[in-house]
Amino acid sequence: MDFSLEYTEEQEHFAGEVREWIKENIPDGLVNFRDPMKKTREQWELRREIGRRLGKKGWLFAGYPPEYGGGGIGSDKRFVISREFEKVGVGYPPFYDSARLAVGPILSLGTDEQKQRFLPPIFRGEVTTWQLFTEPEAGTDEANQQTDALRHDKEGEYFIVNGSKIFVGGIYAPPNQFLLLTRSDREAARHENLAMFLAPADLPGITINPLPLFVSGTLAQVNGPTADSSPAIKHQVFFDDVRIHESFLIGGDRDGWRVTTATLDVEHGGGQSAIPLENTAVKRFIEQCRSNPRIQRRLKENPQLLESVVDIFISSEIVRLWGLRNAWIADSGQRAPYVGPQLGLYTKIIGGEIIESLARVLGPYTFIESTEWSLAEDIFEVVQRAGLCFAPAGTPEAQKIIISRALAIGREPRR
Amino acid sequence: MKLDLGLSENEEMLKKTALDFMRRDATKEVVQNLQDTDTGCTTELWQKMAGLGWAGIIIPEEYGGTGSTLTSAGVLLEVLGTGPLPGPLFSASILGSSIIMEAGTEEQKRQVLPAIANGSQVVTLAMTEPDFSWEPGAIQTKVSHSNDGFTLDGVKLFAYDAGAATHLIVAASTGDGIGLFLVDRKSEGLSVTRLPGYLAGQTFEVKMDSVRVPQAALLGENANNLQALESAITRSIPVLCAYKVGGCQALVDMTILYSRTRVQFGQLIGRFQRVQDMIIEMVNQLDAARWTTYECLWKLDADRPAAESVHMAKAVTSAAYWEASTLAHRVFSGISYAKDHPASFHTRASRSLYHYLGDPAYHRQRLAKLLTGV
């Protein structure tokens, strides 16, 4: 066994190249905010620009096929890219985007023409994509889609889409395209009645409204930087007699659930591996526990708080170790389908617990942002993210269902 | 970055040999019959294990062992933990031999290590006392100089696997610090008595009433071997953790199988989400234990700083084994309380090993000290 993540000579050489690239391509004026709500449109555009430059270089979708504009490089080099971006405080990839979810199904189910049309703009960072799955009546019950996409009576190559999506998107609307799950047949059986599109976001009949949330955050990423954590804003998208051409359909009219499952495998932790980075926020928090006199005083006055420090340390270590395990499993071509959702589940649960532990150790300082009064200022980021950790990519309860199936609890294992 | 969490070819072979051994020689019936014995092992089993080179697995070749890594020892102990096969292999061949390697003089190593490796001597540690603590500072056993050696007086309590030992390493307060004495089990004035209690496992009371030992019984050249003792314990802990990982794995495997066969209310119990929740929690406990343990073993083998990892692995793994066996009983319910049910063997082991080399409370406290200085 070897758990070491130090760069090899080859990686060190590549890291020099990445550092050089970063120096030349990270635009002046880029600011990293602990509260993503402070991110202006201008700042967001700077991140988009980094994305486009990364895409041109082949490093935005670094592990994907070069014939469509991907980088075609292995996990050892992808790890270097993400680590070097982390060192300069920029998330990798640098902006919120759901295109990653669409890529797998396009590669496996798309036509050659679709691959040529869809993949290069995604890989080059030219377009942004939102995932449009969740609906008012299709939350955890994802298959219960009510947004209809029915073939036009006369112009059969067009679908007419009516319905609405909720809790979708990133900070600034509109994106360029939607990965859109719909119901293509009102009569057909559940799971056989769905269709998936990768469709332009500016078609007539589409309305996008902001939906403010009470706290920022994306996934409960307690280890490593996320891409640009999303702010306390999501969107509702309404479709009124929107015409979508069949060339935007991925797979067949009734393949929607197959495509969804493929995207969810990625969302729930499958797909191309990413080696987790050190949890820098937790690391700095521990350092603060050792050095900040106010925290030291609290710890000495009430040694029970030490239990909470240990809880935070151990759970973030388990997240790190399971992330390494998952990366190793994916890279060595093994199959262990429960490990992705297991990490997702655990990250969410401890995300919530970490805030509670932090609140015990730091007191009300836990919840204030970087000011002269901060005790451990980087913690604000973790608190923000973990505060909104249960819903994205499925509730913990939904993830337990997926894990149960993957482990074949109460059923014969698939051969 | 060399990230590779798989077993090496040698480790795979060792694992296969160990699995075959468990299937053939350490069946459920064998494990059950060993539960209430003083030794936790039979002579026949012990000789077989020694014959496979396991008694000297971490002892360097120059001292008659196979000179394997701690990770290899972990792989072996993990398989034995699936039984769970009791006996002194960990206590003697991992912990005992580590203490000799860390504390002994060259001459002592040449004398004792080959005997441990070939299975003829079983050397276990007697450290904790009625004021139970793994802090060496708590040791009160007295030692006094006599003309030709030393005299030991005191009581050791919860001495693991002392019933199988031919020799005990007795930690005693010398005045200059903690001295380690290699004491023949048959010494006059020494008595070893198994502590009663269904969940006590193979733990013993060791009474020393003016036990006289020769000068050569003192390990090393000075009367303070505290650092050597701590270092040996540190290196041994994750191997003990691997044994518990094996226990967790066996519990998970048997419980998932049961979820696929047991029917209540007209359906497989594994279809009930509350049952699924318990099994998922078992798997989480197992995987937390497994990866904290193996990273720790790797760090020690690679000579990297490992203090935090050691405390974390022991805290996580002791709690995980306890919890996994509790949850197994909740899923199996009635049947698992039968004396011949393997879940009950694991429950006993998870309880009796919980405190061995420090319980979660102890290791979490030490970890907190490392992290915060408080």
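In every chain, residue numbers begin from 1 and rise along the written sequence. Written order determines the labels here, with chains lettered from A and ligands numbered from 1. Totals for whole chains, interfaces and linings use all residues, but because this is a predicted model, local features are given only for residues with pLDDT of at least 70 and pairs of side-chain atoms are given and counted only at 80 or more.

A. Quick peek at the overall build of chain A. Numbering of helices and strands runs from the N terminus; a helix is a DSSP stretch of H or I covering at least four residues, while a strand is a stretch of E covering at least two. For chain A, the count of helices and strands is 12 helices and 8 strands. Long-range pairs, those at least 24 residues apart, make up 75% of the contacts in chain A with a sequence separation of at least 6. Residues are defined as contacting one another if the C-beta atoms placed from their backbone atoms lie within 7 Å.

B. A look at the overall build of chain B. A tally of regular secondary structure across chain B gives 11 helices and 9 strands. The C-alpha atoms of chain B give a radius of gyration of 21 Å, which matches the 21 Å a tight globule of 374 residues would have. Projected onto its principal axes, the C-alpha coordinates of chain B cover approximately 80 × 50 × 45 Å. The burial label depends on the number of other C-beta atoms within 10 Å of a residue's C-beta. Counts of 20 or more mean buried, 12 or fewer mean exposed, and intermediate counts mean partly exposed, with C-beta atoms placed from the backbone. Within chain B, the proportion of its 374 residues that are buried is 55%. By sequence separation, contacts in chain B at least 24 residues apart represent 75% of the contacts at least 6 residues apart. A radius of gyration in this sense is built from C-alpha atoms; the matching globule rule multiplies 2.2 Å by the number of residues raised to 0.38.

C. Summary view of the domain arrangement of chain B. Residues and elements named next belong to chain B. The start and end points of each domain follow an automatic or database-based domain assignment. Split by domain assignment, chain B resolves into domain 1 (9-117), domain 2 (123-224) and domain 3 (227-372). Computed over C-alpha atoms only, the centres of domain 2 and domain 3 are separated by 30 Å. Looking at the side of domain 2 that touches domain 3, the elements that each hand over two or more residues are β3 (149-160) and β5 (178-184). The residue makeup of the side of domain 2 that touches domain 3, split by class, is 10 nonpolar, 3 polar and no charged. For this classification, the nonpolar set comprises Ala, Val, Leu, Ile, Met, Phe, Trp, Tyr, Cys and Pro, the charged set comprises Asp, Glu, Lys and Arg, and every other residue, Gly included, is treated as polar.

D. Examining the confidence of the model for chain B more closely. Along the chain, pLDDT gives the predictor's confidence residue by residue, from 0 to 100. Across chain B, pLDDT averages 96, with 100% of residues at or above 70. Predicted as a complex, the structure gets a pTM of 0.94 and an ipTM equal to 0.96.

E. A look at the interface of chain B and chain A. The partner chain A presents 43 residues to the 36 residues of chain B that form the contact. No other element matches the 13 residues that helix α8 (residues 273-301) of chain B contributes to the side of chain B that touches chain A. Counted by class, the side of chain B that touches chain A contains 19 nonpolar, 9 polar and 8 charged residues.

F. Up close: the environment of Ala126(B). Residue and element names in this part refer to chain B. Position of Ala126 among the secondary structure elements: in strand β1 (residues 123-126). The exposure class assigned to Ala126 is buried, which follows from the 28 C-beta atoms found within 10 Å. Taking the C-alpha atoms as reference, Ala126 lies 9.8 Å from Phe181; in sequence the two are 55 residues apart. Setting aside residues up to four positions removed in sequence, Ala126 forms contacts with Lys156, Ala159, Ala162, Leu168, Ile169, Val170 and Val206.

G. Main features of the packing of helix α4 (residues 70-81) of chain B against α8(B). Residues and elements named next belong to chain B. Axis definition: a line fit to C-alpha positions, over the contact stretch in the case of helices; interaxial angles, taken between N-to-C directions, run 0 to 180 degrees. Taken N-terminus to C-terminus, the directions of α4 and α8 make an angle of 150°; their axes are 8 Å apart at the nearest point. Judged on the interaxial angle alone, α8 and α4 are roughly antiparallel. On α8, the residues touching Leu70, Thr71 and Gly74 of α4 are Thr293, Tyr294, Leu297, Trp298, Leu300 and Asp301. Considered class by class, the residues forming the contact of α4 with α8 number 5 nonpolar, 3 polar and 1 charged. These descriptions rest on fixed angle ranges, namely under 35 degrees for roughly parallel, over 145 for roughly antiparallel, 65 to 115 for roughly perpendicular, and the rest for oblique.

H. Structural context of the confidence of the model for chain A. In the predicted model, chain A carries a mean pLDDT of 87, and the fraction of residues at 70 or more is 88%. A low-confidence stretch, residues 218-227 of chain A (pLDDT under 50), is modelled with 47 contacts involving residues beyond four sequence positions or located in other chains.

I. Quick peek at helix α5 (residues 89-103) of chain B. All names here are of chain B. Any helix carries an expected span of 1.5 Å times its number of residues minus one. Helix length check: α5 (15 residues) gives 20 Å between terminal C-alpha atoms against 21 Å at 1.5 Å per residue, within 8%. We define the bend at each residue as the angle formed by axes fitted to the 7 residues ending at it and the 7 residues starting at it. At Gly96, α5 shows its maximal bend, which comes to roughly 25°. Among the 15 residues in α5, 15 count as buried, and that is most of the element.

J. The packing of helix α9 (residues 304-331) of chain A against helix α10 (residues 339-362) of chain A, seen in detail. All names here are of chain A. Where α9 meets α10, the closest approach of the two axes is 9 Å, and the angle between their N-to-C directions is 160°. It follows that α9 is roughly antiparallel to α10 by the angle criterion. For the pair α9 and α10, the crossing hand works out as left-handed. Of the residues in the contact of α9 with α10, the class split is 14 nonpolar, 7 polar and 4 charged. Note on convention: the crossing is left-handed when the near helix lies turned anticlockwise from the far helix by less than a right angle, right-handed when the turn is clockwise.

K. Highlighting the nonpolar core. The term nonpolar core refers to a group of buried residues, namely Ala, Val, Leu, Ile, Met, Phe, Trp, Tyr and Cys, whose C-beta atoms join them within 7 Å. Within the largest apolar cluster, 170 residues are counted, with the highest numbers of intra-cluster contacts made by Val309(A), Leu76(B), Ile99(B), Leu152(B), Phe181(B), Val183(B) and Ala324(B). The leading source of residues in this core is helix α7 (residues 226-259) of chain B, at 17 residues. Setting aside residues no more than four positions away along its own chain, Leu152(B) makes contact with Thr141(B), Val143(B), Val170(B), Ala172(B), Phe181(B), Val183(B), Met208(B), Val211(B) and Val213(B).

L. Quick peek at helix α5 (residues 112-123) of chain A. Residue and element names in this part refer to chain A. Between its first and last C-alpha, α5 extends 16 Å over 12 residues, near the 16 Å set by a 1.5 Å rise per residue. Listing the buried residues of α5 in full gives Phe118, Leu119, Ile122 and Phe123. The arc that holds the buried residues of α5, viewed along the axis, is 115°, so those residues lie on one side. Exposed positions of α5 whose direction lies more than 90 degrees from the buried face are Glu113 and Gln116. Positive backbone phi, approximately 75°, marks Gly125, located one or two places after α5. Relevant arc is that of directions from the helix axis to the C-beta atoms, nothing else.

M. Structural context of unusual backbone geometry. Residue and element names in this part refer to chain A. Residues Ala173 and Pro174 are joined by a peptide bond in cis, for which omega reads -10°. Mapped onto the elements of the fold, Pro174 is located in the loop between β3 (158-168) and β4 (177-183). Phi is positive for Phe167, which is not a glycine, with a value near 60°. With respect to the element layout, Phe167 can be found in strand β3.

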